[in-house]
Structures are given as C-alpha cells and as structure tokens.
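Read off the chains here:
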Amino acid sequence: MARFLNEWWGMLIFVLVDVAVLVLIIALNYRWLFKRTLDILFSLIFMAVLLPFFLIFLITDAIYNKATNAWRSLFTTEYFYGKKGKVVGITTFTTERILHDEEGNLLPEQERTTGFGRFMKACCIKYYPMLVNVFTGRLSFVGPRPMTFTDASVLDEEGSVRFSVRPGIASSLDLYGGEGLTYKDMFEEDEEYVSHINLFKDIAFFMTKVANRVRGDKTNRYGETAEKSYIRSLLDAGEITEAEAQEYALEGKEKLHHYQNEKNERRDFEQRNFFR
C-alpha cells in the first residue's frame, strides 16, 4: 500500500476515489444537510473573494453618480414569501441609476439610466448583497423564484409547495424556462424541483444562470412571470374579478405593513436594551 501511494498515479487514484466518495456522501444527504451547508460555505467564499471588487464598484459609483444625482439609495430591499411562509427581505445593489435634474425631477425616459449603471448591471454586481441573504438563510443559491406577498396570498395549498424550501438566486427555470413560460408552468416546475432536489441538478441550474449572464443572453426565461404579477395573470385570464384582485393586493400590503412595524419595534427594543 505504501509503495502504491508513493507513485504519482497511485496518489492520483487515491485522491480521486476520496473525492468520489465525498461527492457521493454529499449527494445522498444533500437535501437535508449539505444544501444549506454548501450555501453557507460558498456564500462566505464568494463574499470574501468578491469583496475588493464590490468596494471598488461602490466607491466608483458613489463618485460617478453624486454629481448627476442618479441615485436615492445604494441598496434596494424587496420583501417576499420565503420558506414556510416567512417574510424574506432580499437586498440588492441598485445598479440602474435613474437620473434626476437639479430639482429632483425625472429626466426623459431615454436619458434616465447612466452608462455606468448599465455596465454594473452587465457585471452582475447587484447579486453581491444577495450573498449575505444566502448566508443568513433568507435565500439559497438554487430554489424557486421569489414571490411577493400579494401573489403568494392567492396560491392554493397545491401551489404553496414551493414555500417548503428557500427561494433561490437561480432556479430550474434558468434551464427549463423560456419566452412562453406561464405561471402554471412555473408552479409545475416548482413542484418537480421540490420533490426531486438534487446536487447535480442544482449545479446545472446555477451554472446555467452564470453562463447566461456571462455571454449576455437576454432571453426572457421566466416568460409571463417576469412581465406581470400572478394576480394580473389571473385577472387577464378572467379567473378572478377586479374586486378580488384589489382585495388580494390590499391583503398583501397589510401583511407587509404589519411585518415592517414588527421589525421596527423589535429593532427599537434591541437598541434601547443595548444602550442601557
């Protein structure tokens, strides 16, 4: 055995076998243990590696845009339904700068977005803060596409299966989606994904999204789900009335308002106790 390991080819075989066994263990326990473990591990690695580039973009952007009054806030937070119906606040870096004049009025539409903003969008810098969301458990690298409060309130029990796992930065739609994708297609794909979470499929979905971004593929792989809300889709199809659509929208706003109030109260309580 010692002679075998002393040879370069023997050591190579030994390493390959060890790697194969490790991958097999991860694959067999991926859904219940290693999916979350890998999310934590790789989000930390990516945050550490990309931090210098993000800081450069951040500083350059602040200098570039201050003179043009192109941004009100560097970061944007949107709220979605997450795993088990929990509120998920997803923060992204605001890459498209909407230009205003000196009085704060919007410029004409064709003049609004800065060239630097378009460049940052092409570099996918907006995804960097989302790594924090992955690390904290609000998101996963791969999972169903995030869904808003309002749209989630319309789903029946069958459609709610998508909330048994964390929403993802990438989803199976990045591989299987397309221009003609409907909400019904998305829910069917979500159910298939949740039922068959797999290490190798997750790798394929994530790498497909990365490849699409790198080559500048502008194909709308999310179909109507990227063009309009689920409620609007139901309304256009005549499955709900205008009154019902307004009721669902109001319910979503109330849930979000209630969550934000609770969050602010909790933050104020923690601050008061911290400074005592």
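Residues numbered from 1 in each chain as written. Predicted model: local features only at pLDDT ≥ 70, side-chain atom pairs only at ≥ 80, totals over all residues. Heavy atoms only, no water.

Going by the annotation in an unreviewed UniProt entry, the name recorded for the protein chain is Sugar transferase, with Candidatus Borkfalkia excrementavium given as the source organism. The record held by UniProt for the protein chain lists under Sequence similarities (unreviewed entry) the comment "Belongs to the bacterial sugar transferase family." (UniProt positions renumbered as here; feature names shortened; annotations may be inferred.)

Visitor: How should the UniProt feature "transmembrane region" (unreviewed entry) in the protein chain be read in this particular structure?
Guide: According to UniProt, the "transmembrane region" (unreviewed entry) feature falls on residues 12–34 and 40–64. Spanning residues 12–34, this segment combines 96% helix with 0% strand, and its end C-alpha atoms are found 26 Å apart. (Helix = DSSP H or I, 4+ residues; strand = E, 2+ residues; numbered from the N terminus.)

Visitor: Looking at this structure, I do not really get the confidence of the model for the protein chain. What am I missing?
Guide: Within the protein chain, residue pLDDT values average 82, and 82% of them lie at 70 or more. For the protein chain, the element scoring lowest by mean pLDDT is helix α1 (residues 2–6), at 64; strand β3 (residues 140–142) scores highest, at 96. (pLDDT = per-residue confidence, 0-100.)

Visitor: What exactly am I supposed to notice about the environment of S171 here?
Guide: Looking at where S171 falls in the secondary structure, it is placed in the loop between β5 (168–170) and α7 (173–176). For S171, a relative accessible area of 4% puts it in the buried group. Taking C-alpha positions, S171 is 9.8 Å from A204, a pair spaced 33 residues apart along the chain. The contact partners of S171, leaving out residues within four places of it in the chain, are V142, G143, P144, R145, F205 and Y222. (Buried < 20%, exposed > 50% of the residue type's maximum accessible area, 1.4 Å probe, protein only. Contact = heavy atoms within 4.5 Å.)

Visitor: Could you clarify how one ought to interpret the sheet that holds strand β4 (residues 147–148) in this entry?
Guide: Note: strands within a sheet are paired through backbone hydrogen bonds, in either parallel or antiparallel orientation. Taken together, 3 strands build an open sheet; the order of strands is β2-β1-β4 and the sheet is antiparallel. Pairing within the sheet leaves two strands with one partner each, and these edge strands are β2 (87–93) and β4. (Pairing = 2+ DSSP bridges.)

Visitor: Would you take a moment to explain the pattern of salt bridges for this structure?
Guide: Once their charged atoms are close, side chains differing in charge can pair, the charge on each being opposite to the other. By the definition in use, this model includes 8 salt bridges. Among the salt bridges present, the one from D202 reaches K35, with a minimum N-O distance of 2.8 Å. Residue D202 is located in helix α9 (residues 199–214), and its partner K35 is located in helix α3 (residues 30–66); the two are separated by 167 residues in the primary sequence. Accessibility assignment for this pair places D202 and K35 in one class, buried. Residues joined in a network through salt bridges with shared partners are E224, K228, R232 and D236. (Salt bridge = Lys/Arg side-chain N within 4 Å of Asp/Glu carboxyl O.)

Visitor: What's the story with the packing of aromatic side chains in this structure? I'm lost.
Guide: Aromatic ring pairs are defined here through the distance separating the ring centres and the angle between the ring planes. Tallied over the entire structure, the rule returns 11 aromatic pairs. A centroid spacing of 4.5 Å and a plane angle of 15 degrees characterise the contact between F54 and Y128, whose relative ring orientation is stacked. Highlighted residues: F54 in helix α3 and Y128 in helix α5 (residues 128–136), separated in sequence by 74 residues. Looking at F54, the relative accessible area reads 7%, which means it is buried. Through pairs of rings, three or more aromatic residues link up here, namely F42, F46, F141 and F206. (Phe/Tyr/Trp six-rings, centres within 6.5 Å; stacked < 30°, edge-to-face > 60°.)

Visitor: Even after reading the chapter, I still don't get the nonpolar core, so can you show me in this structure?
Guide: When a protein is soluble and globular, its nonpolar side chains tend to lie buried together. The biggest cluster of nonpolar side chains holds 30 residues, and the ones touching the most others in it are F93 and I169. Of all the secondary-structure elements, those providing two or more residues to this core are α3, β2, α5, β3, α8 (183–195) and α9. For this core, the element with the highest residue contribution is α3, accounting for 6 residues. F163, L235, I240 and Y259 belong to the second-largest nonpolar core, a separate cluster that totals 21 residues. (Core = buried A, V, L, I, M, F, W, Y, C linked by side-chain atoms within 4.5 Å.)

Visitor: Please explain α5 as it appears in this structure.
Guide: Within an α-helix, residues lying three or four positions from one another point in the same direction, as the helix has 3.6 residues per turn. Inspection of α5 places Y128, P129, M130, L131, N133 and V134 among the buried residues, and these make up the whole buried set. Of the residues flanking the end of α5, it is G137, one or two places downstream, whose phi is positive at about 95 degrees.

Visitor: What is the right way to read the pairing of strand β1 (residues 75–81) from this model?
Guide: Regular strands have side chains that alternate between both faces of the sheet. Bridge analysis of β1 against β2 gives 7 bridges, and the strand direction is antiparallel. Following the sheet pairing, T77 is matched in β2 by T91. Linking β1 to β2, which pair antiparallel, is a turn of 5 residues; within it K84 sits at a positive phi near 60 degrees. In this sheet, β4 lies alongside β1 in antiparallel orientation, the contact comprising 2 bridges. Bridging from a neighbouring strand, F80 pairs with T148 of β4.

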